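The lines below spell out each chain.
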Amino acid sequence: MLAKLARVVVVCVLAGIALVVSASPSAAQTFDNALVADMGIAEIGTVRPVGWNQPGECIKSVQRWVANAGGSFGGGGVISGYVNSGATEVSLSNVVKGDVVQYTRASGDYATDNGDWTYVHTVVVIQNHGNGQFDIVQSNVPDGSGKVTRVDNWAPSLHEGWSARAWRFGEVASTQPPPPPPPPDTDSDGTIDADDWCPLVSGSASNHGCPNNLTQVSGDFDGDGRGDVVAVSRGLDGHPTISWLRSNGLGLDSPQSKLDLPAPAWNTATLKFVAGDFNGDGRSDLFVASGSEIDPPNLYVLLSTGSEFSQPVLVKQPNPAYWRWSRLEFFAADLDGDSRDDVIAVSRGDDDGSGIHWFKSTSGSSTPSLADSVPVASLHPAAWKVSQMKFAFGDFNGDNRDDMMIASGAGSGGVNLYTFASNGVEFNAPVMQFALPATAWQFERLQWLASDLDGDAKSDIVAISRNFSDGPDINWFRSMGQTFATPTLARSLNPVAWKVTNLRWAVTDVNADGKDDLFAASGGSGNPVSTYLLMANGGLAEPVAQAPLNPASWIWERLQW
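In this text the structure is predicted, and so the values were computed from the model without any measurement.

1. Let's talk about the overall build of the protein
Of the regular secondary structure elements, the protein holds four helices and 33 strands. Counting every atom, the protein has about 22200 Å² of accessible surface; 52% of that belongs to carbon and sulfur.

2. Observations regarding the packing of aromatic side chains
Inspection of the entire model under this criterion finds 24 aromatic pairs. Plain terms: the ring middles of Phe73 and Phe169 are 4.8 Å apart, the flat faces sit at 45° to each other, and that makes the pair tilted. Taken together, the residues Phe73 in the loop between helix H2 (58-68) and helix H3 (80-84) and Phe169 in the loop between strand S8 (162-168) and strand S9 (218-219) connect sequence positions 96 residues apart. Side by side, Phe73 and Phe169 carry an identical accessibility label, which is buried. Aromatic side chains Tyr119 and Trp162 sit 5.6 Å apart centroid to centroid with 85° between the ring planes, which places their arrangement in the edge-to-face category. Of the two residues, Tyr119 is situated in the loop between helix H4 (110-115) and strand S5 (122-128) and Trp162 in strand S8; the sequence distance between them amounts to 43 residues. One exposure class covers both Tyr119 and Trp162, and it is buried. Clustering of aromatic rings is evident, with ring pairs tying together Phe73, Tyr82, Trp167 and Phe169. The residue whose ring lies beneath Lys272 is Trp325, and the NZ or CZ to ring-centre distance is 4.3 Å. The ring of Phe468 carries Arg445 above its face, with NZ or CZ at 3.7 Å from the centroid.

3. Quick look at the sheet that holds strand S13 (residues 271-276)
If you trace the four strands from one edge of the open sheet to the other, you get S13-S14-S15-S16, paired in antiparallel fashion. Since the sheet does not close on itself, it has two edges, and those belong to S13 and strand S16 (313-316), each with one partner. The average undirected angle you get between the axes of adjacent strands in this sheet is 30°. In the sheet, strand S14 (residues 285-290) pairs with strand S15 (residues 298-302) via five bridges, with the strands oriented antiparallel. Across the sheet, Ser290 pairs through a bridge with Asn298, a residue of S15.

4. A closer look at the packing of helix H1 (residues 34-41) against H2
Relative orientation of the contacting elements H1 and H2 amounts to 120°, with a least axis distance of 8 Å. Relative to H2, the element H1 is oriented oblique. In this structure, H1 meets H2 at a crossing whose hand is right-handed. On H2, the residues touching Val36, Met39 and Gly40 of H1 are Trp65, Val66 and Asn68. Looking at side-chain class alone, the contact of H1 with H2 contains four nonpolar, two polar and no charged residues.

5. Details of the pattern of salt bridges
Under the defined criterion, the tally for this structure stands at 23 salt bridges. Here Arg165 makes a salt bridge to Glu89, at a shortest N to O gap of 2.8 Å. Of this pair, Arg165 sits in strand S8 while Glu89 is found in strand S3 (residues 88-90), placing the two residues 76 residues apart along the sequence. Taking relative accessible area as the criterion, Arg165 reaches 22% and is therefore assigned partly exposed. On the basis of relative accessible area, Glu89 is assigned to the partly exposed category, the value being 39%. Between Arg478 and Asp454 there is a salt bridge whose closest N-O contact spans 2.5 Å.

6. What to know about the confidence of the model for the protein
Low-confidence regions, as indicated by low pLDDT, have predicted coordinates that should not be scrutinised in detail. When pLDDT is averaged along the protein, the result is 84; 87% of the residues meet or exceed 70. Looking at the elements of the protein, mean pLDDT is at its lowest for strand S1 (residues 2-4), recorded as 29, and at its highest for S16, recorded as 97. Every residue in residues 177-183 scores below 50 in pLDDT, and together they form five contacts with partners more than four places removed in sequence or on other chains. Considering only residues more than four positions removed or in separate chains, one finds that residues 192-216, a stretch of pLDDT under 50, has 81 contacts.

7. Observations concerning the nonpolar core
Counting 41 residues, the largest nonpolar core has Tyr82, Val124, Trp154 and Phe169 as the members making the most contacts within it. For this core, the secondary structure elements donating two or more residues are H1, H2, strand S4 (100-105), S5, strand S6 (134-139), strand S7 (148-154) and S8. Ranked by residue count, the leading element in this core is H2, at five residues. Setting aside anything within four residues of it in sequence, one finds Phe169 in contact with Gln29, Phe31, Asn33, Val66, Ser72, Phe73, Tyr82, Ser85, Ala87 and Val100. Ranked by size, the runner-up nonpolar core spans 20 residues in total, among them Ile344, Val386, Ile406 and Phe427.

8. A word on the pairing of S7
Burial runs high along S7: five of the seven residues are buried. Sheet topology places S6 next to S7; five bridges connect them, and they run antiparallel. From the neighbouring strand, Phe134 faces S7, where its bridge partner is Trp154.

9. Points about the pairing of S8
For S8, the tally of buried residues reaches five of seven residues, placing the bulk of the element in the interior. Looking at chain direction, S3 and S8 are connected through three bridges and run antiparallel. For Thr88, the partnering residue across the bridge sits in S8 and is Arg168. For S4 and S8, the ladder comprises six bridges, and the chain directions are antiparallel. Looking at S8, one finds that Tyr103 is bridged to Ala164.

The rules we used
Residues numbered from 1 in each chain as written. Predicted model: local features only at pLDDT ≥ 70, side-chain atom pairs only at ≥ 80, totals over all residues. Heavy atoms only, no water. Helix = DSSP H or I, 4+ residues; strand = E, 2+ residues; numbered from the N terminus. Areas by Shrake-Rupley, 256 points an atom, 1.4 Å probe, with all protein chains shown as cover. Phe/Tyr/Trp six-rings, centres within 6.5 Å; stacked < 30°, edge-to-face > 60°. Buried < 20%, exposed > 50% of the residue type's maximum accessible area, 1.4 Å probe, protein only. Lys NZ or Arg CZ within 6 Å of the ring centre and 35° of its normal. Pairing = 2+ DSSP bridges. Axes fitted to C-alpha atoms, helices over the stretch in contact; angles between N-to-C directions. Parallel < 35°, antiparallel > 145°, perpendicular 65-115°, else oblique. Left-handed = near helix turned anticlockwise from the far one by under 90°. Contact = heavy atoms within 4.5 Å. Nonpolar A, V, L, I, M, F, W, Y, C, P; charged D, E, K, R; others polar. Salt bridge = Lys/Arg side-chain N within 4 Å of Asp/Glu carboxyl O. pLDDT = per-residue confidence, 0-100. Core = buried A, V, L, I, M, F, W, Y, C linked by side-chain atoms within 4.5 Å.

Encoded structure:
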C-alpha cells in the first residue's frame, strides 16, 4: 500500500496473476455468497506474511475466503480476474453480505483499467447500511500489518480517477437473515453498546468493555516453583469457598477446597481478590478487599502455609472519607524490588480521574501487614480517565521491580499503550510504547496481561482481542527491555468453540520452565465449566483440557478466577 499527497490510498500485491484477459470466463458458482464474509470474519485478528504472492495481502486473503466458502477466485487482471472466475458485477448500492468491493482504475479504457494495480484494494462486505456505508472485513490495513480486521460504517476512499466496483461470486439467499439481537444493557448505563458484551459492575463509570481484572488469582501457592490457580466460588448464602488447582508439573490437578469463609460476614459479592507473595517466603498469598457500595474497604491478607490458607488478617482500614470500595481496583506488584509483593490500588474520583496508590508490604514470615498508602503516579484527570484505562503490572525491564502498563482508549476507538517504570519509590512518567489504530485494535475488545512468555525474566504484554466472531486472538508484545517488539499473534482460537464472553484467564508458570503459561476457564451461563492450559513455547501451544469439574458444584455464574 502507498500513501501519496497526505491521502491514504491502498494497494494490494496480487502475485502470480496475469494482467491479461483469459479466453473465456468460468461458469457462475453455486455456493452461499454470505459465507465469503463469514470466512473473513473467522480470521479477524489473525496475522499473515505480506509481500508478493503472500497470504496476508488483501486480495490474496479474499481469494482464500472465497475458496474456503466453496468458491473459486482465480487469476487475471483487476477486472478479468473476476470475470474469468464467473463473478457477477453488481452496483455498489445493491451489495449484500459476501460481495467483494474492488478499487479499480476508471479511465474508460479496458486494458488500462484491467492492468493498473497502483491503488488497488479489496474488501468483503459484511453488511450494507443503505447510506453508502458498509461493514467490511479486509486484510493488511494498516499497510504491512498482514492483519485481518473489521471496519464498521466504512465507505470507499478513492484516489482521483479510481472507482469502487462490486462483484458477487456465490448465490444469495432469497431472504437475508436478520441481524443478531443486541446484547442486554448488562452494565446498566442506559445504553446498549459493545461494552455490554463484556460487562463489569453496574454503572456507567465501569463501562470498560471486556473486564481486565479477572486475571489475578494465580501464583505458586505451595512454593514448589510451579504456578497454581485459585478459584473463588459463591455459595447459596453468598459465602466464598476458596479452591486450589495445584500444578503437578504437567498440568493442574483437580481442585481442592482450601478455605470457607462464613456468611454473612463474608459475601462474595462484596469481595475483591488478588494473589501475591506478600511476605516473601516464596509462596503466593491472597489479598482480599471487603466492602460494598456504601461500606468502606477493609483490607485482609490470607497467608499460604504451603498446603492451605490461613484465616484472614485485617491489615488496613483506609479512611472511608476518601476510600470507597466500589471505586477501587486492586493489583499485586513488587514496586520496590524487595521480593515481597505490595498492593496497588487504583481509585476512581468523582471526575473519573485516577489515583494510583501503593500499600507497601511490611509483612513478616507469619504476620501480614501493609504500610499506609502513598500516591505513586501523578495522572491529570483531564487526560487520564479510569473508565478509559486498563491496567497490568509486571517487571517489563527486568530490574526486579514491577512496572505499570496502561492501555488508554475508549469504546471502539484505538489504543495508546504506555508503560510507567518503577524507580523503587514511585512510577516514572509514562512512556508511550504504541499508538494502536482502531482499524485493528479497539479498546473495548481488549484485555491485557503481563506475562513472560519467552522466559527472559522480563514481563511481556499479552493482549487478548475479541474478534467480531467473539473469538479470542492472543497477541504478544515481547519486551526488549525499554521498548517492545511489534505485536505478533501468539494464538488464535476457533470462535465456534471459544467465545471471549465465556472465558476467564490467568497467567501461571505451570511447569516451572521460566515461561508463563496461560490458564483459561471456559463456561458461560448454563454451560459446564472446563479448564485449559496454553503452554508457552515461544508463542502459545494449543489449549490442553485439564481435570474435569463436577457440573453440580462448579457453576459459571458463581465463580471468580
